[in-house]
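Residues per chain, in single letters:
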Amino acid sequence: MNSDCPQISIVIPVYNEEEILPKLYERLTATMEQMGRTYEFILVDDGSLDRSFEVLRSLREKDKRVRAMQLARNFGQTAA
């Protein structure tokens, strides 16, 4: 197995969540660190109207295990 490949990928759809994203990141990171496995967070901004994607980019700059994607418009939770 490639050591760069995470053992766990967590995919999270995001829609107008700028205020809770930092806390979500902190809690998920703490939980994953306790598990002792490699991981990544894939956060998909589903056309948010707030600053959610800016917050995701900031988290990405801080932690390379965070992947941020932005959909062109709101497609709904299932598509995201």
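The residue numbering used here restarts from 1 in each chain and proceeds along that chain's sequence as written. At least 70 in pLDDT is required for a residue's local features to be given in this predicted model, at least 80 for side-chain atom pairs to be given and counted, and no such filter applies to totals for whole chains, interfaces and linings, which use all residues. To obtain the side-chain values, all non-hydrogen atoms of the structure were used and water was disregarded.

*Asks:* Would you mind going over the sheet that holds strand β2 (residues 39–45) with me for this structure?
*Replies:* Note on sheets: strands pair through backbone hydrogen bonds, and any given pair is parallel or antiparallel. With respect to topology, three strands assemble into an open sheet ordered β1-β2-β3, the strand pairing being parallel. Each edge of the open sheet carries a strand with a single partner, namely β1 (8–14) and β3 (66–70). Along the sheet, successive strands turn relative to each other by an average axial angle of 20°, direction set aside. DSSP calls a pair of strands paired once it identifies at least 2 bridges connecting them. We count a stretch as a helix when DSSP gives it H or I for four or more residues in a row; a strand needs E for two or more, and each element gets its number in order from the N terminus. When β1 meets β2, the two strands line up parallel, connected through seven bridges. Residue pairing for β2: Val 11 is matched across the bridge by Ile 42. Strands in contact with helix α1 (residues 21–35) are β1, β2 and β3; relative to β2, the strand with the most contacts, it is inclined by about 155°. Contacting β1, β2 and β3, helix α2 (residues 52–62) runs over the sheet at an angle of about 155° to β3. Fitted lines through C-alpha atoms give the axes, limited to the stretch in contact for helices. The angle between two N-to-C directions lies from 0 to 180 degrees. Contacts: residue pairs with any heavy atoms within 4.5 Å of one another.

*Asks:* Looking at this model, I keep getting lost on the pairing of β3. Mind explaining?
*Replies:* Successive residues of a regular strand alternate their side chains across the two faces of the sheet. In the sheet, β2 pairs with β3 via five bridges, with the strands oriented parallel. Within the sheet, the bridge partner assigned to Val 44 lies in β3 and is Met 69. If the strands point away from the viewer and the path from the first strand over the helix to the second runs clockwise, then the crossover is right-handed. The parallel pair β2 and β3, bridged by α2, forms a crossover whose chirality is right-handed.

*Asks:* In this structure, what is going on with the nonpolar core? I would like to understand it.
*Replies:* Grouped burial of nonpolar side chains is what soluble globular proteins tend to show. What we call a nonpolar core is a set of buried Ala, Val, Leu, Ile, Met, Phe, Trp, Tyr and Cys residues that are connected through their side-chain atoms within 4.5 Å. Only protein chains enter the calculation, and the probe is 1.4 Å; a residue is then buried if its accessible area is under 20% of its type maximum, exposed if over 50%, and partly exposed in between. In terms of nonpolar packing, the biggest core is built from 14 residues, with Leu 21, Phe 41, Leu 43 and Val 66 touching the most fellow members. Going through the elements one at a time, β1, α1, β2 and α2 are the ones with two or more residues in this core. If one sorts the elements of this core by residue count, α2 sits on top with four residues. Beyond its immediate sequence surroundings of up to four residues, Phe 41 is in contact with Ile 10, Tyr 25, Leu 28, Thr 29, Met 32, Arg 65, Val 66 and Arg 67.

*Asks:* Sorry if this is basic, but what is going on with the environment of Met 32 here?
*Replies:* Checked against the element boundaries, Met 32 lands in helix α1. Expressed as a C-alpha distance, the spacing of Met 32 and Ile 8, which sit 24 residues apart in the sequence, is 9.1 Å. With near-sequence residues (within four places) excluded, Met 32 lies in contact with Ile 8, Ile 10, Arg 37, Tyr 39 and Phe 41.

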